[in-house]
Amino acid sequence: MPQWQHITYSNQITTEHYGKQITVGGWVQDLRNLGGISFLQLRDREGVIQITSLKKKNKELFELVASLPRESVVLVTGMVKESKEARAGFEILPDRIDVLNRAEAPLPLGVVDKVGADLDTRLNNRFMDLRKEEVRAVFQVEAKAVEGIRQFLLGNGFVEVHTPKIVAAGAEGGSTLFPIKYFDRNAYLAQSPQLYKQNLMATGFDRIFEVAHAYRAEASDTIRHIAEFISLDVELAFIESSEDIMAVAEGIAVAGIEHVRAHAQKELEILGAKLESPSAPFPRVKYKDAVEIVKGQGMRIEHGEDLGTEGEKALGEYMKREKQCELYFITEFPTSLKRGTFYAKRFDDDPETTGYFDLDYRGQEIVSGGQREHRYAVLTEQMRENNLNLESFDFYLKGFRFGMPPHGGFGFGVERYVQKMLGLSNIREAVLYPRDRARLVP
RNA sequence: GCCCCGGUAGUGUAGCGGUCUAUCAUCCGAGCCUGUCGAGCUCGGGACUCGGGUCCGAAUCCCGACCGGGGCGCCA
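Turning next to a nonpolar patch on the surface. A surface patch of nonpolar side chains, about 340 Å² in accessible area, is lined by Ile166, Tyr182 and Phe183. Mapped onto the elements, Ile166 comes out in strand β7 (residues 166–167). A relative accessible area of 43% means that Ile166 is categorised as partly exposed.

The next thing to look at is the protein's contact with RNA strand B. The environment of RNA strand B is made up of 54 residues, and the closest members are Arg32, Glu85, Arg224, Thr309 and Arg416. For RNA strand B, the fraction of atoms within 4 Å of the protein that belong to sugar or phosphate moieties is 54%. Here a base nitrogen of RNA strand B sits 3.2 Å away from a polar atom, N or O, in the main chain of Leu34. Within the backbone of Ile226, an N or O atom sits 2.9 Å from a base nitrogen of RNA strand B. Mapped onto the surface near RNA strand B, the elements with two or more residues apiece are β1 (21–33), β2 (37–43), β3 (48–54), α3 (119–124), α10 (308–323), β17 (364–371) and β18 (407–413). Ranked by residues supplied to the surface near RNA strand B, first place goes to α10 with five residues. Its residues assigned to classes, the surface near RNA strand B shows 17 nonpolar, 17 polar and 20 charged.

Strands pair in a sheet through their backbones, by hydrogen bonds, and they do so in one of two ways: parallel or antiparallel. Taken in spatial order, the eight strands line up as β6-β10-β11-β18-β17-β16-β13-β12 in an open sheet, and their pairing is mixed. Of all the strands in the sheet, the pair left with one neighbour each is β6 (159–160) and β12 (284–286). Here strand β13 (residues 327–331) runs beside strand β16 (residues 357–361); their pairing, made up of four bridges, is antiparallel. The residue of β16 that forms the bridge with Leu327 is Tyr361. Where helix α9 (residues 287–296) meets the sheet, it contacts β12 and β13, and its direction lies at approximately 85° from that of β12. On the sheet, α10 packs against β12, β13, β16 and β17 and is oriented at approximately 130° with respect to β13.

A separate point is the pairing of β16. The buried fraction of β16 amounts to five of the five residues, a majority that puts the element mostly inside the structure. The alternating pattern of β16 places Phe357, Leu359 and Tyr361 and Asp358 and Asp360 on opposite faces, both of which are buried. In terms of strand pairing, β16 meets β17 through five bridges, oriented antiparallel. Residue pairing across strands places Asp360 opposite Glu365, the latter belonging to β17.

This part covers the packing of helix α5 (residues 133–155) against helix α7 (residues 242–263). Orientation of α5 relative to α7, taken along the N-to-C sense of each, is 130°, at an axis distance of 7 Å. By the angle between their axes, α5 is oblique relative to α7. The crossing of α5 and α7 is right-handed. Touching Val141, Lys144, Ala145, Glu147, Gly148, Ile149, Gln151, Phe152 and Leu153 of α5 are Val248, Gly251, Ile252, Ala255, Gly256, His259, Val260 and His263, all from α7. Residues belonging to the contact of α5 with α7 are distributed by class as follows: nine nonpolar, six polar and two charged.

With respect to the helices, strands and loops of the structure, Arg122 is situated in helix α3. Among the residues examined, Arg122 registers a relative accessible area of 12% and is labelled buried. Polar side-chain contacts of Arg122 include one of 2.9 Å to the side chain of Asp129. Once residues within four sequence positions are removed from consideration, Arg122 is found in contact with Leu109, Ala117, Asp129, Lys132, Val135 and Glu429.

Right, let's talk about the pattern of salt bridges for a bit. What the rule picks out here adds up to 33 salt bridges. Between Arg261 and Glu258 there is a salt bridge, with its nearest N and O atoms 3.4 Å apart. With a gap of three residues between them, Arg261 and Glu258 both fall in helix α7, about one helical turn apart. By relative accessible area, Glu258 is classed as partly exposed at 30%. Here the salt bridges do not stand alone but share partners, grouping Arg122, Arg126, Asp129, Lys132 and Glu429 into one network.

Right, let's get into the packing of aromatic side chains. The description of two aromatic rings rests on the distance between their centres and on the angle between their planes. Summed over all chains, the structure comprises 13 aromatic pairs. For the ring pair Phe342 and Tyr396, a centre distance of 6.2 Å and an interplane angle of 85° mean the geometry is edge-to-face. A residue pair is termed long-range when its members are at least 10 positions apart, and Phe342 in the loop between β13 and β14 (346–347) and Tyr396 in helix α12 (residues 394–398) qualify at 54 residues. Note on accessibility: Phe342 and Tyr396 belong to one class, buried. Centre to centre, the rings of Tyr396 and Phe400 are 5.0 Å apart; their planes meet at 70°, and the pair counts as edge-to-face. Just as Tyr396 is buried, Phe400 falls in that class too. Members of the aromatic cluster, each reached through a chain of ring pairs, are Phe342, Tyr343, Phe393, Tyr396 and Phe400. Lying across the ring of Phe333, Lys338 places its NZ or CZ 5.0 Å from the centre.

With that out of the way, let us pick up α10. Its 16 residues place the ends of α10 21 Å apart at the C-alpha level, agreeing with the 22 Å of an ideal helix rising 1.5 Å per residue. In this fold, the buried residues of α10 make contact with β12, α9, β13, β16 and β17.

The figure often quoted for interface size is the accessible area lost as the parts come together. Split into domains, chain A comes out as domain 1 (3–101) and domain 2 (129–430). A straight line from the C-alpha centre of domain 1 to that of domain 2 covers 48 Å.

Reading across the sheet, the three strands line up as β7-β9-β8 and stay open at both edges, with antiparallel pairing between neighbours. Either end of the sheet is taken by a strand with one partner, and the two such strands are β7 and β8 (178–182). Sheet topology places β8 next to strand β9 (residues 185–189); five bridges connect them, and they run antiparallel. If you follow Pro179 over to β9, its bridge partner there is Tyr188.

Reading the values: the criteria
Along each chain, numbering runs from 1 in the same order as the chain's sequence is written. Chains carry letters from A onward and ligands carry numbers from 1 onward, assigned in written order. Only residues with pLDDT of at least 70 get local features here, since the model is predicted, and only at 80 or more are side-chain atom pairs given and counted; chain-wide, interface and lining totals rely on the full set of residues. Calculated side-chain values reflect all of the structure's heavy atoms, with hydrogen atoms and water omitted. Surface patches are drawn from residues lacking salt bridges whose relative accessible area is over 30%; two like charges belong together within 9 Å, two nonpolar side chains (Val, Leu, Ile, Met, Phe, Trp, Tyr) within 5 Å. To measure how exposed things are, a 1.4 Å probe is used in the Shrake-Rupley method; for residues, cover is taken only from the protein chains shown. By salt bridge we mean one thing: a side-chain nitrogen of Lys or Arg within 4 Å of a carboxyl oxygen of Asp or Glu. Strands here mean DSSP runs of E at least two residues long; helices mean DSSP runs of H or I at least four residues long; both are numbered from the N terminus. We call a residue buried when its accessible area falls under 20% of the maximum for its residue type, exposed when it is over 50%, and partly exposed in between, using a 1.4 Å probe and counting protein chains only. Nearness of a residue to a molecule or strand requires only that one of the residue's heavy atoms be within 4 Å of it. Polar contact is defined as a pair of N or O atoms within 3.5 Å, subject to the rule that within protein one atom must be able to donate a hydrogen and the other to accept it, and that residues adjacent in sequence are counted only when both atoms are side-chain atoms. Amino acids outside the nonpolar list (Ala, Val, Leu, Ile, Met, Phe, Trp, Tyr, Cys, Pro) and the charged list (Asp, Glu, Lys, Arg) are all regarded as polar, and Gly is one of them. We treat two strands as partners when DSSP finds at least two bridges between them. Note on contacts: a residue pair qualifies if any of its non-hydrogen atoms lie within 4.5 Å across the two residues. Simply put, an axis is a line fit to the C-alpha atoms, just over the touching stretch for a helix, and the angle between two N-to-C directions goes from 0 to 180 degrees. Each angle gets one of four labels, with under 35 degrees taken as roughly parallel, over 145 as roughly antiparallel, 65 to 115 as roughly perpendicular, and the rest as oblique. Two helices that cross are described as forming a left-handed crossing if the nearer one is turned anticlockwise from the farther one by less than a right angle, and a right-handed crossing if clockwise. Only Phe, Tyr and Trp rings take part, Trp by its six-membered ring, and two of them pair if their centres are within 6.5 Å. Stacked means planes under 30 degrees apart, edge-to-face means over 60, and tilted covers everything else. By the criterion adopted, a ring carries a charge over it if an Arg CZ or a Lys NZ lies within 6 Å of its centre and within 35 degrees of its normal. Each helix should span, by expectation, one fewer than its residue count multiplied by 1.5 Å. An automatic or database domain assignment is the source of the domain bounds shown.

Structure (structure tokens):
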């Protein structure tokens, strides 16, 4: 058996192992040398094991242990012994220690130091930061959330697709596009799979989703913006209204949380996050009612204005307080606020209003979507309103001329979802290697 | 992009014109200790972002650069 398969994880050790020899491997988290006895806390993927050495039993081995700098990588082969003093209920008495890699000192960032570190320092040394279980737990939760969402979508007949991230034109304004060199031409990083997922609605793939990076060159320095984020995009055809889309968005939000609750209980505990089952259906608050609620909270806002960050927060507090609700839709956004979203379908009997919605989680937008305009003539008219050059959207528009069913969809911000779920103060905490206006490394 | 705030040992901080050969913790090194797990004890080590300026004197005040934090706009 290869060495890596021979290693026992800390959480796999049971009373069955007591009195037997095993091999464990990991990082030297901490070392206490009391003179005649020493305790090495060895951390692996799953937890921490105590390695107890006695000087009188093996002086050479004892001195080797004592010389190990923290965060060195070692393999320890020894006997598992039941112990009342050890936290895990057992400890390992080493027969052999292989030092695979000695760590330098001082560490750029302490893993178990009794002092904090700024997020910037942590991100600059992310590999060290990720040795902390509470940091890794965030990404375990994210993985479980996405797993739950995938299961939900696959179970409902959605097909997972992958669309290009190197594109010729953007779905929205050009200002938020990252230009790149594409051989001898200019191209951009995709800010959204919008045009492609709509194009796919004309193919027979009538229910699709994609989990992929999206790139936004927004000059936004906030705790909820990053230049590269995971967009979970959904599009489905043969719908009758934006309500059909909302039902899917709701299903996703519930599925992610429920899957995390069921499969990441340990991580939630580590993070101290209390995550309750959301009750569906989520409330639908029409934009015009949202304006009144925000006004009622003492804020100055007029109908037709964007709610703004503070308005969104105020609405979030209101929904929590009055409706005991953390997830809710803001629906029927006025056309005036969605004019840039040229593909948004306006109500036939009220062209000043769209079926577009946001899904907010604790006062923060995590989803935006709605029914699209699938009629070629109306769509091109709305694009002209935006002074768009129709020729550069040729591939997109062609899809509408030869059989395009009514459809709609949304984009779901995975990191924002996880951030809100866990109450993280900065979205960067929910990204392994975040990219923002200032950060390109690591 | 706009508006506030901040940059002091590896890490996190105190100090905010002279008493700073700069505080505390953590950390690192040497030593003592056979049950530690926020170990304890003794000794030692390590820092004022950079460039101008004001002043008898600058970590401290002013200007600029660079870096960081937060808010707003915008958005996932």
